[in-house]
Amino acid sequence: QVHLVESGGGLVQAGGSLRVSCVASGRTISRSSMGWFRQAPGKARELVAVISGGGATTYTAQSVKGRFTISRDNAKNTVSLQMNSLEPEDTAVYYCGRSRGSWVSFHVGEYDYWGQGTQVTVSS
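In this text, all values refer to a predicted model and were calculated from it rather than measured experimentally.

A. Here's a closer look at the state of the cysteines. What the rule picks out here adds up to one disulfide. Bridging Cys 22 to Cys 96, the disulfide has an S-S length of 2.0 Å. Taking the torsion about the S-S bond as the criterion, the Cys 22 to Cys 96 disulfide, at about 45°, is right-handed. One end of the pair, Cys 22, is in strand E3 (residues 18-25); the other, Cys 96, is in strand E9 (residues 92-99), with 74 residues separating them in the sequence. The buried category is assigned to Cys 22, whose relative accessible area is 1%. A residue is classified by how much of its surface remains accessible, and Cys 96, at 1% relative accessible area, is buried.

Right under this line is the structure:
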């Protein structure tokens, strides 16, 4: 069993920055690909960024490329998402998820554990 807890969300003005983090407990996530997803009201959950188990490979969605950076600290069982140059369109609940595999996973169905989410609101 893996328990994921996100933190760091909040309200920020457009152009500002936030860092959201996800701490895992119960089992190590060091071999698992970890992803950040977001879900806005009325929309499907979408992939924002994913990092492989060892951290050597990352993928960032085109909509946030160049603004968001995913990282992980396996010693602390933590995955983070640094979000810069935030836009109102980035407003959503942000979720971290643990993939069933170690390689980068792009689809919601490939993830077996999820956190409760943290709200990010960007005002214009």
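B. Quick look at the pattern of salt bridges. Under the criterion given, the structure shown has five salt bridges. Measuring nitrogen to oxygen at the nearest pair gives 2.9 Å for the salt bridge that ties Asp 90 to Arg 38. Here Asp 90, found in the loop between strand E8 (78-83) and E9, pairs with Arg 38, found in strand E4 (residues 34-39); they are 52 residues apart in sequence, far enough to count as distant. Overall, Asp 90 belongs to the buried group, its relative accessible area being 1%. Relative accessible area serves as the criterion here: at 7%, Arg 38 is assigned to the buried category. Residue Glu 87 pairs with Arg 67 through a salt bridge whose shortest N-O separation is 3.9 Å. Here Glu 87 is found in the loop between E8 and E9, whereas its partner Arg 67 is found in the loop between strand E6 (58-60) and strand E7 (68-73), with 20 residues between them in sequence. Owing to a relative accessible area of 34%, Glu 87 belongs among the partly exposed residues under this scheme. Taken together, the salt bridges that share partners define one network made up of Arg 38, Glu 46, Arg 67, Glu 87 and Asp 90.

C. Region of interest: the nonpolar core. Membership of the largest hydrophobic core comes to 27 residues, with the highest contact counts inside it found for Leu 4, Trp 36, Val 48, Phe 68, Leu 81, Met 83 and Tyr 94. When contributions to this core are tallied by element, the ones reaching two or more residues are E3, E4, strand E5 (46-51), E7, E8, E9 and strand E11 (118-123). When residues in this core are grouped by element, the largest group, four residues, is from E3. Once residues within four sequence positions are removed from consideration, Leu 81 is found in contact with Leu 18, Arg 19, Val 20, Trp 36, Val 48, Ala 49, Phe 68, Thr 69, Ile 70 and Tyr 94.

Cut-off values and rules
Residues numbered from 1 in each chain as written. Predicted model: local features only at pLDDT ≥ 70, side-chain atom pairs only at ≥ 80, totals over all residues. Heavy atoms only, no water. Disulfide = S-S within 2.5 Å. Helix = DSSP H or I, 4+ residues; strand = E, 2+ residues; numbered from the N terminus. Buried < 20%, exposed > 50% of the residue type's maximum accessible area, 1.4 Å probe, protein only. Salt bridge = Lys/Arg side-chain N within 4 Å of Asp/Glu carboxyl O. Core = buried A, V, L, I, M, F, W, Y, C linked by side-chain atoms within 4.5 Å. Contact = heavy atoms within 4.5 Å.

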